[in-house]
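Commentary on secondary and tertiary structure
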Amino acid sequence: MRKALPDIDKMKFGFDASALHRGKILINAQNINFGYGQTMLWAEPLNVLLTSGERVAIRGLNGSGKTTLIKIILGELEPLVGSIQRAATKAVYIDQDYSLIDNRLSVYEQAQKFNTSALQEHDIKIRLSRFLFGKDDWDKSGSALSGGEKMRLMLCCLTIGNQAPDLIILDEPTNNLDIQNIEILTAAINDYQGTLLVISHDAYFLEQVGVVQGIDLG
């Protein structure tokens, strides 16, 4: 099946490695909890230690606080109890709606938005082509893209930006993707050398991208 995928080996991040040395502590959270009023989200406080280069899954049922934990890790929320230390990192959060994609922009305009390294127009279009966006797609609106197309465009934009994030967070990344786009995502993630945090119930995908540790929210 992988042999049938067009140029999948070209669909890699290909950007510079993260500047953080392997094993650097990114997140050190001790006895944290979150809630409203007197009701705490987790029955037991959480301890989370995340170091550079790790690949970790966050597991739990709906409503168990997976998204809340992500927001705490990103600094968008602060725990109500406990303490957390965060290293200065560049993080990319890829949610289920691919919110990094601006639906008001065309495919080419979206790619150009990430062009911080002054790539020429033909270079951007070459990269778009590698991620299966031909010339008939360049003027297509972001709002008209499928989930798989948004995922591929987002991966392409990250390669155009060139600077590797220290941390990539994937939220149920294989939901609503067909087999081809899951293979493309897997190949790109396996080319990434930084820290990976994944919310997913897809055991096969987690195995394919080398996730061996987990944070279980019960």
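Look up a bit, the structure's there.
Here's what I pulled together on the structure shown here. (Residues numbered from 1 in each chain as written. Predicted model: local features only at pLDDT ≥ 70, side-chain atom pairs only at ≥ 80, totals over all residues. Heavy atoms only, no water.)

Description of the sheet that holds strand β7 (residues 91-94)
Inclusion rule: For two strands to pair, DSSP has to find at least two bridges joining them. Labels follow the DSSP assignment, with helices taken as runs of H or I lasting at least four residues and strands as runs of E lasting at least two, numbered in each case from the N terminus. For helices, the fitted axis covers only the stretch in contact; all axes are lines through C-alpha atoms, and the angles between them, taken along N-to-C directions, range from 0 to 180 degrees. Working rule for contacts: check all heavy atoms of both residues, and any pair within 4.5 Å makes them a contact.
Pairing in this open sheet of 5 strands is parallel, and the strands run β7-β8-β9-β5-β10 from one edge to the other. Since the sheet does not close on itself, it has two edges, and those belong to β7 and β10 (213-216), each with one partner. Strand-to-strand twist of the sheet, defined as the mean angle between neighbouring strand axes without regard to direction, takes the value 15 degrees. Helix-sheet contacts for helix α1 (residues 66-74) involve β5 (55-59), β7, β8 (167-171), β9 (195-199) and β10, and the interaxial angle to β9 is about 155 degrees.

Examining the side chain of Glu54
Spelled out, the test is: Whenever a nitrogen or oxygen atom comes within 3.5 Å of another N or O atom, the pair is scored as a polar contact, on the condition that within protein one atom can donate a hydrogen and the other can accept it, and that pairs from neighbouring residues in sequence are kept only if both atoms are in side chains.
Looking at where Glu54 falls in the secondary structure, it is placed in the loop between β4 (46-51) and β5. Separated by 2.8 Å, the side chain of Glu54 and the backbone nitrogen of Thr51 make a polar contact. Here Glu54 is in contact with Leu49, Gly194, Thr195, Leu196 and Gln213, once residues within four sequence places are set aside.

Some thoughts on the pairing of strand β1 (residues 25-33)
Pairing geometry for β1 and β4, over 5 bridges, is antiparallel. Note on β4: the bridge partner recorded for Ile25 is Thr51. Pairing between β1 and strand β6 (residues 81-86): 5 bridges, direction antiparallel. Paired with Asn33 across the bridge in β6 is Val81.

Section: empty space enclosed by the protein
Definition in use: The method works on a 1 Å grid over the protein atoms by themselves. A cavity is a set of points holding a 1.4 Å probe that cannot get out, a pocket is an open set with protein on both sides within 12 Å along at least five of seven lines, and residues with an atom within 4 Å of a point line them. Grid points are joined across faces, edges and corners, and a volume is the space filled by probe spheres set on the points. Charged means Asp, Glu, Lys or Arg here, nonpolar means Ala, Val, Leu, Ile, Met, Phe, Trp, Tyr, Cys or Pro, and polar covers whatever is left, Gly included.
Under the defined criterion, the tally for this structure stands at 1 cavity of 30 Å³ or more. The space that makes up the largest cavity amounts to roughly 30 Å³. In this structure, the largest cavity is lined by Ile94, Tyr98, Met151, Met154, Leu170, Pro173 and Leu185. Among the residues making up the lining of the largest cavity, the classes are represented as 7 nonpolar, no polar and no charged.

Examining the nonpolar core
Applicable threshold: Buried Ala, Val, Leu, Ile, Met, Phe, Trp, Tyr and Cys residues that are joined via side-chain atoms within 4.5 Å together make up what is termed a nonpolar core. Burial here depends on accessible area, computed with a 1.4 Å probe over protein chains only, as a share of the maximum for the residue type. Under 20% is buried, over 50% is exposed, and the range in between is partly exposed.
Formed by 37 residues in total, the largest nonpolar core has its most connected members in Ile94, Leu128, Leu153, Leu155 and Leu170. Elements with a minimum of two residues in this core: β7, α2 (107-113), α3 (121-130), α4 (147-161), β8, α5 (179-190), β9 and α6 (203-208). Counting residues per element, this core draws most heavily on α4, at 8 residues. Each residue touching Leu128, except ones within four places of it in the same chain, is listed here: Val107, Tyr108, Ala111, Phe133, Trp138, Leu153 and Cys156. Counting residues in hydrophobic clusters, the runner-up holds 22 residues, among them Leu26, Ile70, Ile199 and Ile215.

Things to note about the packing of aromatic side chains
Spelled out, the test is: Two rings from Phe, Tyr or Trp (for Trp, the six-membered ring) form a pair when their centres are within 6.5 Å of each other. A pair whose planes differ by under 30 degrees is stacked, one over 60 is edge-to-face, and the rest are tilted. Geometrically, a charge over a ring is one whose NZ (Lys) or CZ (Arg) sits within 6 Å of the ring centre while staying within 35 degrees of the ring normal.
Enumeration over the complete set of coordinates arrives at 0 aromatic pairs. Directly above the aromatic system of Tyr108 lies the positively charged group of Lys125, at a separation of 5.5 Å from the ring centroid.

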